[in-house]
Amino acid sequence: MELRDIEIFLVLAEELHFGRTAARLHVSQARVSQAIKAQERRIGAPLFDRTSRRVRLTPLGHQLRDDLRPVYAGLRDSLERARLAARGVTAVLHIGMLPINVHDLRPYWDTFRSRHPAWDLRISHPAFADLFGDLRRGEIDVLVAWLPVEEPDFTVGPILFAESRVLAVAAGHELAERTSVSLETVGDFQHVDIETRPDYWFESYVPSHTRKGRVIERGPLVRNTAEILTRTGMGEAVALFPSHMTRYWARQDIVYLPVRDVAPLPYALVWRSDTENDLIHALARTVRDLGSGLTR
């Protein structure tokens with residue numbers, strides 16, 4: 001089985017959807033289907049149960065997934081280390097970002113790289129439904145997350161920026177002509193909901209109640225920013241965001257309204273306390289040296 005076919009199998013085992021797997025790997029659905037069929041012929045048994053409505057792993061598929069994950073990760077990491085060594089890079093810091101304002105934070109990234117030319121950093125946007133899980137599993141080294149983060153096994157490092165809040169509504173929404181809104185107004189409309197834990201962490205992003213004690217109703221369940229905006233643009237819900245969304249994700253079907261009575265949302269570096277190393281310390285030192293000058 002070739003490395004690419006292993007990757008296709010593992011992504012499909014995670015997504016359980018041929019279309020999403022193809023989109024994530026930037027290949028056609030036919031390529032995904034061909035790879036899985038070839039693997040099943042080679043093994044001699046089905047790896048997935050497939051119907052028109054769902055895809056799920058067979059018991060054999062579960063076993064193969066569990067066996068292949070560490071093997072694939074090891075091969076991928078070995079190849080990556082070889083490529084980096086050829087360029088004189090001796091280590092990589094993997095940063096997971098919940099916010100999408102990567103360019104705003106370029107001074108931090110560029111300074112880190114200039115101070116440590118033998119180290120590199122890689123930035124990704126993990127699914128926010130399980131960001132803490134990604135950090136705990138070691139899939140990322142550092143997380144850029146909103147505060148508070150009150151996990152006993154995590155260290156909260158320096159704040160990178162803090163931003164005011166905006167409310168996203170559909171272009172035809174009854175609020176769309178306003179110049180700003182209050183948090184109390186948010187309580188009049190259904191807000192999207194996200195499968196994320198712990199509860200206190202999401203509560204700091206979208207309060208469950210207004211200041212007067214009115215419930216802010218949770219509505220459609222979403223998994224990522226694109227789904228939030230789709231639901232919002234269709235008029236099914238409203239959504240609170242940090243203000244950088246107005247610059248990074250402008251859409252014709254969405255209007256962003258400043259929320260005038262909510263404190264700026266701070267984002268900080270967070271990492272597992274037991275994985276602290278020189279790279280993490282160097283990034284934290286860079287942020288402290290440059291300061292948090294991005295409050296908007």
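Thresholds, definitions, all that
Residues numbered from 1 in each chain as written. Predicted model: local features only at pLDDT ≥ 70, side-chain atom pairs only at ≥ 80, totals over all residues. Heavy atoms only, no water. Phe/Tyr/Trp six-rings, centres within 6.5 Å; stacked < 30°, edge-to-face > 60°. Lys NZ or Arg CZ within 6 Å of the ring centre and 35° of its normal. Helix = DSSP H or I, 4+ residues; strand = E, 2+ residues; numbered from the N terminus. Buried < 20%, exposed > 50% of the residue type's maximum accessible area, 1.4 Å probe, protein only. Contact = heavy atoms within 4.5 Å. Pairing = 2+ DSSP bridges. Axes fitted to C-alpha atoms, helices over the stretch in contact; angles between N-to-C directions. Salt bridge = Lys/Arg side-chain N within 4 Å of Asp/Glu carboxyl O. Expected span 1.5 Å × (residues − 1). Parallel < 35°, antiparallel > 145°, perpendicular 65-115°, else oblique. Left-handed = near helix turned anticlockwise from the far one by under 90°. Nonpolar A, V, L, I, M, F, W, Y, C, P; charged D, E, K, R; others polar. pLDDT = per-residue confidence, 0-100.

Notes on the packing of aromatic side chains
Then, number 1: In total, this model carries nine aromatic pairs according to the counting rule given.
Then, number 2: The residue whose ring lies beneath R165 is Y205, and the NZ or CZ to ring-centre distance is 4.6 Å.

Let's talk about the environment of E236
Then, number 1: Within the secondary structure, E236 is located in the loop between α9 (225-233) and β10 (239-242).
Then, number 2: Residue class for E236 comes out partly exposed when judged on its relative accessible area of 34%.
Then, number 3: On a C-alpha basis, the gap between E236 and H191 in space is 8.6 Å, while along the polypeptide they are 45 residues apart.
Then, number 4: With sequence-adjacent residues up to four places away left out, E236 is seen in contact with Q190, P220 and R231.

Considering the sheet that holds strand β12 (residues 265-272)
Then, number 1: Read from one edge to the other, the open sheet built from five strands follows the order β4-β3-β5-β12-β6, with strand pairing classed as mixed. The outermost strands of the open sheet, each flanked by one partner alone, are β4 (119-124) and β6 (154-163). Shown here is a sheet whose adjacent strand axes are inclined to one another by a mean of 25°, direction ignored.
Then, number 2: Both strand β5 (residues 142-146) and β12 contribute to a ladder of four bridges, which runs antiparallel.

Considerations on the pattern of salt bridges
Then, number 1: By the definition in use, this model includes 25 salt bridges.
Then, number 2: In this structure, D193 engages R218 in a salt bridge whose closest nitrogen and oxygen atoms are separated by 3.9 Å. Of the two residues, D193 sits in strand β8 (residues 191-194) while R218 sits in strand β9 (residues 218-222), which places them 25 residues apart along the sequence.
Then, number 3: The exposure class assigned to D193 is partly exposed, which follows from its relative accessible area of 22%.

Here's the deal with the sheet that holds β10
Then, number 1: The strand order across the open sheet built from three strands is β10-β7-β11, with neighbouring strands paired in antiparallel fashion. The open sheet is flanked by β10 and β11 (254-258), the only strands paired with a single partner. With strand direction ignored, the average angle separating the axes of adjacent strands in the sheet is 35°.
Then, number 2: Note that strand β7 (residues 165-170) and β11 share five bridges and pair antiparallel. Looking at β11, one finds that A168 is bridged to Y256.

Looking at helix α1 (residues 3-15)
Then, number 1: Its 13 residues place the ends of α1 18 Å apart at the C-alpha level, agreeing with the 18 Å of an ideal helix rising 1.5 Å per residue.
Then, number 2: The set of residues buried in α1 consists of D5, I6, I8, F9, L10, V11, L12 and A13.
Then, number 3: Positioned one or two residues after α1, L16 has a phi angle of 55°, which is positive.

Let's talk about the packing of α1 against helix α2 (residues 18-25)
Then, number 1: It is the contact of α1 with α2, at a shortest axis distance of 9 Å, that shows an interaxial angle of 130°. With respect to α2, the axis of α1 lies oblique. Crossing angle aside, the handedness with which α1 passes α2 is right-handed. Here α1 contributes R4, E7, I8, V11, L12, E14 and E15 to the contact with α2, which in turn contributes F18, R20, T21, R24 and L25.
Then, number 2: Tallied by class, the residues present in the contact of α1 with α2 amount to five nonpolar, one polar and six charged.

Comments concerning the confidence of the model for the protein chain
Then, number 1: Across the protein chain, pLDDT averages 89, with 96% of residues at or above 70.
Then, number 2: Mean pLDDT across the elements of the protein chain ranges from a minimum in helix α4 (residues 59-86), with 82, to a maximum in β11, with 97.

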